[in-house]
Amino acid sequence: MRPKRETYTVEIAGLIRHLPLFEIAPGVRIAIFNMLGDTEVVMAASKELARRIPKEAEVIVTPEAKAIPLAYQLSVETGLPYVILRKSYKPYMGEALSAETLSITTGQPQTLYLDEKDLELVRGRKVVLVDDVISTGSTLQAMRLLMNKAGAIVIAEAAVFTEGERAKWRHIIALGHLPIFTNNAKKG
């Protein structure tokens, strides 16, 4: 039997969830938010974010993989198309654009790819970048770089949660904020 893990309780668009705390470095823990398989949270968060994103938005853009259900449901709520930035290149993606970032989750460099078929969908369009959690901003930076290469106009950035230094994320449209826990203290 595995030991009971400590949790951090959050409210997401009226729903309560208890996020497990995991140590990511000695003495540093974060609350892990994973909406995959939680249809109720995906639908509630999408509905709330749809109310908050700018009305002039034309395309939703998200990185693979945990935010895909959010982007899909946000597309349903707003009627906007959505684009997935992939984390690996496949030959059918043609002349894809790419941008590199350092993943907080894996600690390894990660490349995001914009499929050739999606290039015309974002070029010259007003896009909203969407992710599940914005923590260090490295994925967001790669998304911005990729949209710049594609000629898209980023008009907003949104997430279910921001994490860490709250002041750094004031411009993000978010439903909540997750602190970082250090030696039994809460920061952010």
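Residues numbered from 1 in each chain as written. Predicted model: local features only at pLDDT ≥ 70, side-chain atom pairs only at ≥ 80, totals over all residues. Heavy atoms only, no water.

## A closer look at the side chain of Asp115
Part 1 of the reasoning: Structurally, Asp115 can be placed in the loop between strand 7 (109–114) and helix 3 (116–122).
Part 2 of the reasoning: Among the polar contacts made by the side chain of Asp115, one reaches the main-chain amide nitrogen of Lys117 at a distance of 2.9 Å. (Helix = DSSP H or I, 4+ residues; strand = E, 2+ residues; numbered from the N terminus. Polar contact = N/O pair within 3.5 Å; in protein donor to acceptor, adjacent residues only side chain to side chain.)

## Some thoughts on the environment of Ser46
Part 1 of the reasoning: The topology assignment puts Ser46 in helix 1 (residues 39–52).
Part 2 of the reasoning: In this structure the C-alpha to C-alpha distance between Ser46 and Trp169, which are 123 residues apart in sequence, comes to 19 Å.
Part 3 of the reasoning: Contact partners of Ser46, with chain neighbours within four places excluded, come to Leu70, Gln73, Leu74 and Glu77.
Part 4 of the reasoning: A distance of 3.5 Å separates a polar atom in the side chain of Ser46 from the backbone oxygen of Leu70. (Contact = heavy atoms within 4.5 Å.)

## What about the sheet that holds strand 8 (residues 126–134)?
Part 1 of the reasoning: The sheet built from 5 strands is open, its strands ordered 5-4-8-9-10 with parallel pairing. If you trace the sheet from one side to the other, it starts and ends with strand 5 (82–85) and strand 10 (173–178), each paired once. Between one strand and the next, the sheet's axes are offset by a mean angle of 25 degrees, whatever the strand orientation.
Part 2 of the reasoning: Relative to strand 4 (residues 59–63), helix 2 (residues 68–78) is tilted by about 170 degrees, and along the sheet it contacts strand 4, strand 5, strand 8 and strand 9 (153–163).
Part 3 of the reasoning: On top of the sheet, helix 4 (residues 138–150) reaches strand 4, strand 5, strand 8 and strand 9; it is set at about 165 degrees to strand 8, its chief contact. (Pairing = 2+ DSSP bridges. Axes fitted to C-alpha atoms, helices over the stretch in contact; angles between N-to-C directions.)

## Brief notes about the packing of aromatic side chains
Part 1 of the reasoning: Tallying each qualifying case throughout the model produces 4 aromatic pairs.
Part 2 of the reasoning: Between Phe33 and Phe161, the aromatic rings sit 5.0 Å apart at their centres with planes inclined by 80 degrees, giving edge-to-face as the arrangement. Placement of Phe33 in the loop between strand 3 (28–31) and helix 1 and of Phe161 in strand 9 is noted, with a sequence separation of 128 residues between them. (Phe/Tyr/Trp six-rings, centres within 6.5 Å; stacked < 30°, edge-to-face > 60°.)

## Observations concerning the pairing of strand 1 (residues 7–12)
Part 1 of the reasoning: Here 6 bridges tie strand 1 to strand 2 (residues 15–25), and the two strands are oriented antiparallel to one another. Among the inter-strand pairings, Thr7 is bridged to a residue of strand 2, identified as Pro20.
Part 2 of the reasoning: Hairpin connection of strand 1 to strand 2: 2 residues between the antiparallel strands, including Ala13 at a positive phi of 50 degrees.

## Focus on the nonpolar core
Part 1 of the reasoning: Core analysis: the biggest nonpolar cluster contains 31 residues, and Ile12, Phe33, Val160 and Phe161 have the highest contact counts within it.
Part 2 of the reasoning: Listing elements by their share of this core, those giving two or more residues are strand 1, strand 2, helix 1, helix 2, strand 8, strand 9 and strand 10.
Part 3 of the reasoning: At 5 residues, the largest contribution of residues to this core is made by helix 1.
Part 4 of the reasoning: When near neighbours in sequence (up to four residues on either side) are disregarded, Phe33 contacts Ile12, Leu19, Val41, Lys66, Asp132, Val133, Val160, Phe161 and Leu178.
Part 5 of the reasoning: Counting 22 residues, the second largest nonpolar core, distinct from the first, contains Val83, Leu114, Val127 and Ala150. (Core = buried A, V, L, I, M, F, W, Y, C linked by side-chain atoms within 4.5 Å. Buried < 20%, exposed > 50% of the residue type's maximum accessible area, 1.4 Å probe, protein only.)

## Focus: the pattern of salt bridges
Part 1 of the reasoning: Considering all chains together, one arrives at 12 salt bridges under this definition.
Part 2 of the reasoning: We note a salt bridge from Arg29 to Glu6, for which the minimum N-O separation is 2.9 Å. Remark: Glu6 occurs in the segment before strand 1 and Arg29 occurs in strand 3; sequence separation between them is 23 residues.
Part 3 of the reasoning: Assessed through its relative accessible area of 47%, Glu6 is described here as partly exposed.
Part 4 of the reasoning: One salt bridge in this structure joins Glu77 and Lys47, with 3.8 Å as the shortest N-O distance. Here the residue Glu77 occupies a position in helix 2, and Lys47 occupies one in helix 1, the gap between them amounting to 30 residues. (Salt bridge = Lys/Arg side-chain N within 4 Å of Asp/Glu carboxyl O.)

The quantities given are spatial measurements derived from coordinates; they are silent on function.
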